[in-house]
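# Examining the three-dimensional arrangement
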Amino acid sequence: EDGRIHLCIACRNVQKSEATRDLILAAHPAAQVSTVEVDLGNLASVLRVARELRCRFQRLDFVYLNAGIMPNPHVNFKALWHGLLTGKVLHMLTTAEGIMTQTDRLNGDGLQEVFATNLFGHFILVRQLECLLCGNEKPSRLIWTSSSNARESAFSLSDYQHAKGRESYSSSKYATDLTSVVLNRKFNKQGLYSSVVCPGLVMSNMTYRILPVFLWKLLMPIMWLIRFFAKTYTLTPYNGAEAHVWLFKQKPEYLDALVKYHSCTSGLGKSYVEPRKIDVDEETAEKFYQKLLELEKQTLERYSDLLD
């Protein structure tokens, strides 16, 4: 709707990104929309797209860091039943704490796949795009999609890729929160600000893999009822994007770097944003950032031909 905005859709699936671009242009023919192909779980792909973006653009005002995977999710029905008996079931259903596990694996770069896709690929992308993000006339923004499932108990500095655990998604999202906190400390003076968002429980292709589709269809009426008690049951991608859009309109220098912005929806379907303090230790965040820098140095040595 604003002709001054150029939207670049980054996606690992070219057909999906082009279809999305066509839908936008059908509704807004004058919009400036382009696409770029990138797989955030593949470092060579990340480095190639960073080079392409540096050629295409002189600056980036907003980067939405949204790629995420949750391979082979499993529901722990025993834990769910225990939560029902102890009165903790609502908390478990809104955060997935203790009831969902995943089986991770190594990717082609020798990294844990969930860590690489959900966090490290984004981190490398940001590092490669610093020249487009820092020192601009107006502040630039990083907006990370985190989760209410981001829990300190699932994260360990000694195993930050979560190779030994069964909650890689939760670990990667807590690592996202840590990274955002440190990026603000490092880059705010250069005009780059970072925020984290929780879209709530959104019914997406990721969610539908947790249970068989027919079970979700049976559960949907119950989930609509739960929303009267659990405001984070946004359910639709449109509602889940509420905080992402809200942050687009805010002045970053007035935002709290230690707050996560949650998309919420009332039982009657009204969407709104709720800020909540992030449960992070800033010393741990700094130590983790240093580990990311060390890993960056190690992994990029093999890709010297893709570096400027």
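In this text the structure is predicted, and so the values were computed from the model without any measurement.

### Describing the side chain of histidine 262
Note on placement: histidine 262 falls in strand β8 (residues 259–265). Look at histidine 262 and you get buried, because its relative accessible area is 5%. In this structure, histidine 262 is in contact with Cys198, Ala243, Tyr272, Val273, Glu274 and Arg276, ignoring residues within four places of it in sequence.

### Observations regarding unusual backbone geometry
For histidine 162, which is not glycine, the phi torsion reads 65° and is therefore positive. Here histidine 162 shows up in the loop between β6 (140–145) and α7 (168–187). Notably, leucine 235 is not glycine yet its phi reads approximately 70°, a positive angle. Relative to the helices and strands, leucine 235 resides in the loop between α9 (213–226) and α10 (237–240). A relative accessible area of 3% places leucine 235 in the buried class.

### Re a nonpolar patch on the surface
A surface patch of nonpolar side chains, about 320 Å² in accessible area, is lined by Ile5, Leu7, Tyr64 and Phe248. Taking relative accessible area as the criterion, tyrosine 64 reaches 34% and is therefore assigned partly exposed.

### Brief notes about the pairing of β8
Of all the 7 residues making up β8, 7 are buried; the element is thus mostly covered by neighbouring parts of the structure. Neither face of β8 is open: one carries Val259, Tyr261, Ser263 and Thr265, the other Lys260, His262 and Cys264, and all of them are buried. As paired elements, strand β7 (residues 192–198) and β8 share 3 bridges and run parallel to each other. Each bridged residue has a counterpart across the sheet, and for cysteine 198 the counterpart in β8 is histidine 262. In terms of strand pairing, β8 meets strand β9 (residues 271–277) through 7 bridges, oriented antiparallel. Across the sheet, serine 263 pairs through a bridge with valine 273, a residue of β9. Linking two consecutive strands that pair antiparallel, namely β8 and β9, is a turn of 5 residues; a positive phi of about 95° is found at glycine 269 within it.

Basis of the calculations
- Residues numbered from 1 in each chain as written.
- Predicted model: local features only at pLDDT ≥ 70, side-chain atom pairs only at ≥ 80, totals over all residues.
- Heavy atoms only, no water.
- Helix = DSSP H or I, 4+ residues; strand = E, 2+ residues; numbered from the N terminus.
- Buried < 20%, exposed > 50% of the residue type's maximum accessible area, 1.4 Å probe, protein only.
- Contact = heavy atoms within 4.5 Å.
- Patch = residues over 30% accessible without salt bridge, like charges linked within 9 Å, V, L, I, M, F, W, Y side chains within 5 Å.
- Areas by Shrake-Rupley, 256 points an atom, 1.4 Å probe, with all protein chains shown as cover.
- Salt bridge = Lys/Arg side-chain N within 4 Å of Asp/Glu carboxyl O.
- Pairing = 2+ DSSP bridges.

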